Amino acid sequence: MREITYRDALREALIEEMQRDKTVFLLGEDIGLYWEGAFKVTKELAKRFGVERVRDTPISESAIVGAAVGAAITGMRPVAEIMFGDLVTLAMDQIVNQAAKIHYMFGGQANVPLVIRTPFGGGVNIAAHHSQSLEAWFMHTPGLYVATPSTPYDAKGLLKTAIRNDNPVVFCEHKLLYPIKGLIPEEEFTIPFGSADIKREGADVTIVATMFMVHEALKAAETLEKDNLSVEVVDPRTLIPLDKEAIVSSVKKTGHLIVVTEDCKTAGVGAEIAAIVAEEAIDYLDAPIRRVAEPDTPIPFSPTLEKFVIPNEESIIKAVKEIV
Amino acid sequence: MDTEKVAEMYRKMLEIRLFEEKVFELYGQNLVPGTIHLYAGEEAVAVGVCSNLRKDDYIVSTHRGHGHCIAKGANLDKTMAEILGRRTGYCGGKGGSMHIADFSIGVLGATAVVGAGIPIATGAGLSIKLRGTDQVAVCFFGDGASNQGTFHEGINLAAIWKLPVIFVCENNLYAMGTRQTQVMLTKNVAERACAYGIPGVTIDGNDVLAVFQATKEAVLRARRGEGPTLVECKTYRHKGHSRFDPATYRPKEEVEEWLSKDPITRLKRQLLQEGTISNAVLAEMEKEVTESVEAAAQFAKKSSFPLPGTALEGVYV
Ligand SMILES: Cc1ncc(C[n+]2csc(CCOP(=O)(O)OP(=O)(O)O)c2C)c(N)n1
Ligand SMILES: [Mg+2]
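What counts, and where the lines are drawn
Residues numbered from 1 in each chain as written. Chains lettered and ligands numbered in written order. Predicted model: local features only at pLDDT ≥ 70, side-chain atom pairs only at ≥ 80, totals over all residues. Heavy atoms only, no water. Helix = DSSP H or I, 4+ residues; strand = E, 2+ residues; numbered from the N terminus. Rg over C-alpha atoms; globule rule 2.2 N^0.38 Å. Buried < 20%, exposed > 50% of the residue type's maximum accessible area, 1.4 Å probe, protein only. Contact = heavy atoms within 4.5 Å. Areas by Shrake-Rupley, 256 points an atom, 1.4 Å probe, with all protein chains shown as cover. Near = heavy atom within 4 Å. Polar contact = N/O pair within 3.5 Å; in protein donor to acceptor, adjacent residues only side chain to side chain. Nonpolar A, V, L, I, M, F, W, Y, C, P; charged D, E, K, R; others polar. Patch = residues over 30% accessible without salt bridge, like charges linked within 9 Å, V, L, I, M, F, W, Y side chains within 5 Å. Salt bridge = Lys/Arg side-chain N within 4 Å of Asp/Glu carboxyl O. Lys, Arg positive; Asp, Glu negative; His and termini not counted. Charge placed at Lys NZ, Arg CZ, Asp CG, Glu CD. Core = buried A, V, L, I, M, F, W, Y, C linked by side-chain atoms within 4.5 Å. 1 Å grid on protein atoms, 1.4 Å probe; cavity = no way out; pocket = protein on both sides within 12 Å on 5 of 7 lines; lining within 4 Å. Points joined across faces, edges and corners; volume = space filled by probe spheres on them. Donors = N, O, S within 2.8 Å, 3.2 Å for Na, K, Ca; no water. Pairing = 2+ DSSP bridges. Axes fitted to C-alpha atoms, helices over the stretch in contact; angles between N-to-C directions. Domains from an automatic or database assignment. Buried area = accessible area lost by both parts, 1.4 Å probe.

Draft legend 1. Broad picture of the overall build of chain B. A count of helices and strands for chain B gives 11 helices and eight strands. Taking 317 residues into account, the globule formula puts the C-alpha radius of gyration at 20 Å, and chain B, at 19 Å, falls close to it. With the C-alpha coordinates of chain B rotated into their principal frame, the extents come out at 55 × 50 × 40 Å. By residue count, 58% of the 317 residues in chain B fall in the buried class. Considering only contacts within chain B whose residues lie at least 6 apart along the sequence, 75% involve residues at least 24 apart. With the model as given, the accessible surface of chain B reaches about 12600 Å², and the carbon-plus-sulfur share is 56%.

Listed below in structure tokens is the structure:
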């Protein structure tokens, strides 16, 4: 095993897949020679693979994704980078109406092996146009897969799987995760979609958390252990497909469920997970389910405001204490 | 041209420059949360354009927007307080550096989504037309923004409806690390105007008088109901794209050449040479502007942060 950052884990996945498969190429704004990605995930890749395969684009999100769709249905495997998750809004038609529906609507004649990588999340005071978490929108779009890695290991394994997958994948990254470090094996590995990871085992409460919130949940679990509360942290790793089995069996064991996500609470990721548990394991619940999420506001700029709306260790602990 | 007007333009440019220098300084002291995109070097564009505008005219601004707002008459104290995330700021701390707005003077807000302001300005123009006033709307946007679909859609719509909009492209040759020449085969953004059947002009954006003159015609045309104009101002940002960008992708000679074309020193030299303004008057002006910028910084620093719970307020009217 060796320790690398989430950023480098993603980068390694891109390198390995580009080496393995000549049809894999990258496109996006400022990913090439001069900037190497707003978050440096594509550092030195243009130098290494050339500007034909690591393509800087104009600021044209709709065309970036649209061109990726066109390339994907004609034999290539594009990985598009959208600089900030908030800006996928500009490419929504291409993602939702085109990429997601082509395989189904054309009776299975074509596949769309496309990955859209983009960073979501707040915490760095860059306000309402650069801080949202929009994962749930893509869960609500049949035909798309949605990956949400929280560690370097998951980031690398899931990105390799995403690139090899024949469906369009919205690959959600998180700004605060890029510098975090974690262990990954020396040898090549992939992680199958639809396979949750128990990030911490516990007996009393299940916390299902995604992306940066996995780390806040782990901190909360650590703190709660001092109060003799044993918390299990389940990270779904992909939201579509979702490992319902892992979530439901954890809840059956603990009898308590908290869902922690950074997106807006209403009709969010947590709502879906809570609904699944209500449908499949309500008899096992000893207390109401709690969702810890963003309280349905745009993300405000000022640190005092932003800190208030984004879930953290304290708000998770508070929710746990409310139900146990 | 009227000396007083030119002096006023000089003062505004200086105000923007010193304001941005202060923002940079405060950032260094960890007083500015998030990131900043400084306008230093591009002052002649905002000032030349806004010197043609009335208080009831509109502007739509960008992520690099402090200069636009100040040129349109924004209050320095409230602008600085917003940048520092304080409750006394224009948006009560909800917006920050990339989202200054002052609807009372026609600043319809700064959007950080590149190109998003273009159709919004078109819509403001449409409203002007429907309400039957002689206001105009100005949209500031970058060279990078001109490759967004919104550029095509927004300008075409303004053109066919003959809306009173002036589209001002601030071509500072780069969008982050991407040179204009990498992403556009035409030399000038303004060449695209012919595709919409409207006038397009490319001017020296570091010459405030040239900017003033070119937009004057565009504004008059708009007020007469003859439709929009695309005005491209070639300019250059002195610093990197955002606070931590060392801008190593820009050749040294290019940077030096543009620094030598600094719009403020250029106008100053011209005014002194012509003898229109004395050194003493300029020095006095500089002193006043320095004081007002310092006062804004003090005001912002003394202001408190918004109460956390106010984050929940104002999602709906
Ligand atoms: C739609 C969109 N895409 C990408 C970004 C990230 N971004 C912020 S500023 C910028 C460059 C903008 O360049 P330009 O329009 O030339 O304005 P300048 O910064 O040079 O003033 C980019 C790519 C964004 N904010 N919005
Ligand atoms: Mg630019």
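Read on for the rest.
Draft legend 2. Focus on the site of ligand 1. Of all residues adjacent to ligand 1, which total 22 residues, the nearest are E61 of chain A together with H63, R64, A112 and G144 of chain B. Residues within reach of ligand 1 are spread across chains A and B. In the model, a nitrogen atom of ligand 1 is placed 3.4 Å from a nitrogen or oxygen of the H130 of chain A side chain. The contact in question runs from an oxygen atom of ligand 1 to an N or O atom on the side chain of D143 of chain B, over 2.9 Å. In isolation ligand 1 offers 580 Å² of accessible surface; the protein chains occlude 97% of this area. Split into classes, the residues belonging to the shell around ligand 1 amount to 11 nonpolar, seven polar and four charged.

Draft legend 3. Examining a negative patch on the surface more closely. All names here are of chain A. On the surface, E245, E272, E279 and E280 cluster together into a negatively charged patch. The biggest single contributor to the negative patch is helix α10 (residues 269–281), with three residues. Among the secondary structure elements, E245 is positioned in helix α9 (residues 244–254).

Draft legend 4. Structural context of the nonpolar core. By size, the foremost hydrophobic cluster in this structure holds 125 residues, and its most contacted members are I95, F138, L159, I207 and I258 of chain A. If sequence neighbours within four positions are ignored, I258 of chain A has contacts with V205, T206, I207, V208, R290, V292, A319, V320 and I323 of chain A. Among the nonpolar cores identified, the runner-up in size contains 63 residues, and V49, A71, I264 and L271 of chain B belong to it.

Draft legend 5. Layout of empty space enclosed by the protein. Residue and element names in this part refer to chain B. A full pass over the atoms with the stated rule returns three cavities of 30 Å³ or more. By volume, the largest cavity is sized at about 50 Å³. Secondary structure elements with two or more residues in the lining of the largest cavity: α8 (208–223) and α10 (263–274). The greatest single-element share of the lining of the largest cavity, amounting to four residues, is contributed by α10. For the lining of the largest cavity, a count of residues per class yields five nonpolar, two polar and two charged.

Draft legend 6. Geometry of the coordination of the magnesium ion (ligand 2). All names here are of chain B. Note on the magnesium ion (ligand 2): its protein donors are D143 (OD), N172 (OD1) and Y174 (O). The metal-donor distances range over 2.0 to 2.1 Å. In the primary structure, the donors to the magnesium ion (ligand 2) are separated according to the pattern D-x28-N-x1-Y. Highlighted residues: D143 in the loop between β3 (137–142) and α6 (149–160) and Y174 in strand β5 (residues 174–175), separated in sequence by 31 residues. For the pair D143 and Y174, a shared accessibility class is recorded, and that class is buried.

Draft legend 7. Up close: the sheet that holds strand β11 (residues 231–235) of chain A. Residues and elements named next belong to chain A. The mixed open sheet is built from five strands, whose spatial order is β9-β11-β10-β13-β14. A single partner strand is all that each edge strand has here, and the edge strands are β9 (197–200) and β14 (290–294). Recorded for the sheet is a direction-independent mean angle of 25° between the axes of neighbouring strands. As paired strands, strand β10 (residues 205–209) and strand β13 (residues 257–264) are joined by four bridges and run parallel to one another. Across the sheet, residue A209 finds its bridge partner in β13, namely V260. Along the sheet, helix α12 (residues 313–323) contacts β10, β13 and β14; its crossing angle with β14, the most-contacted strand, is approximately 160°.

Draft legend 8. Structural view of the domain arrangement of chain A. All names here are of chain A. As far as domains go, chain A holds domain 1 (2–184) and domain 2 (197–323). Relative placement of domain 1 and domain 2: their C-alpha centres are 26 Å apart. Around 2300 Å² of area is buried between domain 1 and domain 2 when both sides are counted, 64% of it from carbon and sulfur atoms. Considering only the side of domain 1, the residues that lose the most area to domain 2 are N125, M139 and T148, jointly responsible for 27% of the buried surface there.

Draft legend 9. Broad picture of the pattern of salt bridges. On inspection of all chains with the given rule, the structure shows 41 salt bridges over all chains. Linking R200 of chain A and E225 of chain A is a salt bridge whose minimum nitrogen-to-oxygen distance equals 3.0 Å. Note that R200 of chain A is positioned in strand β9 and E225 of chain A in helix α8 (residues 212–225), a separation of 25 residues in sequence. Here R179 of chain B and E254 of chain B are joined by a salt bridge, their closest N and O atoms 2.8 Å apart. Of the two residues, R179 of chain B sits in strand β6 (residues 178–179) while E254 of chain B sits in helix α9 (residues 252–260), which places them 75 residues apart along the sequence.

Draft legend 10. Structural detail: the sheet that holds strand β8 (residues 229–234) of chain B. All names here are of chain B. With parallel pairing, the six strands of this open sheet are ordered in space as β2-β1-β3-β4-β8-β7. Every other strand in the sheet has two partners, leaving β2 (107–110) and β7 (200–204) as the edge strands with one partner each. For this sheet the average axis-to-axis angle between neighbouring strands, irrespective of direction, equals 15°. Direction of pairing for β3 relative to strand β4 (residues 165–171): parallel, over a ladder of six bridges. By the bridge assignment for β4, F141 is matched with C169.

Draft legend 11. Broad picture of the environment of G227 of chain B. All names here are of chain B. Tracing the backbone through its elements, the reader meets G227 in the loop between α8 and β8. On the accessibility criterion, G227 (1% relative accessible area) is buried. Distance in space between the C-alpha atoms of G227 and K268 is 35 Å, their sequence separation being 41 residues.

Draft legend 12. Layout of a nonpolar patch on the surface. Residues and elements named next belong to chain A. A cluster of nonpolar residues, L33, Y34 and V51, forms a patch on the protein surface that exposes about 280 Å² of accessible area. Along the chain, Y34 turns up in the loop between β2 (24–28) and α2 (45–49). The exposure class of Y34 is partly exposed, given its relative accessible area of 44%.

Draft legend 13. Region of interest: the interface of chain A and chain B. At the interface, 31 residues of chain A touch 41 residues of chain B. Carbon and sulfur atoms supply 73% of the area that chain A and chain B bury against each other, a total of about 2700 Å² over both sides. Broken down residue by residue, the surface that chain A buries against chain B is led by W35, I59 and F301 of chain A, which jointly contribute 24%. At the boundary of chain A with chain B, the tally comes to zero salt bridges. Put simply, chain A and chain B have nine residue pairs in polar contact (both at pLDDT 80 or more) between them. Each residue belonging to the side of chain A that touches chain B can be placed in one class, and the counts come to 19 nonpolar, eight polar and four charged.

Draft legend 14. Here's a closer look at α9 of chain A. All names here are of chain A. For α9, every residue scored as buried is listed here: A246, I247, V248, S250, V251 and T254. Buried positions along α9 lie against β10, β11, β13 and α10. G255, located one to two residues past α9, shows a positive phi value of around 75°.

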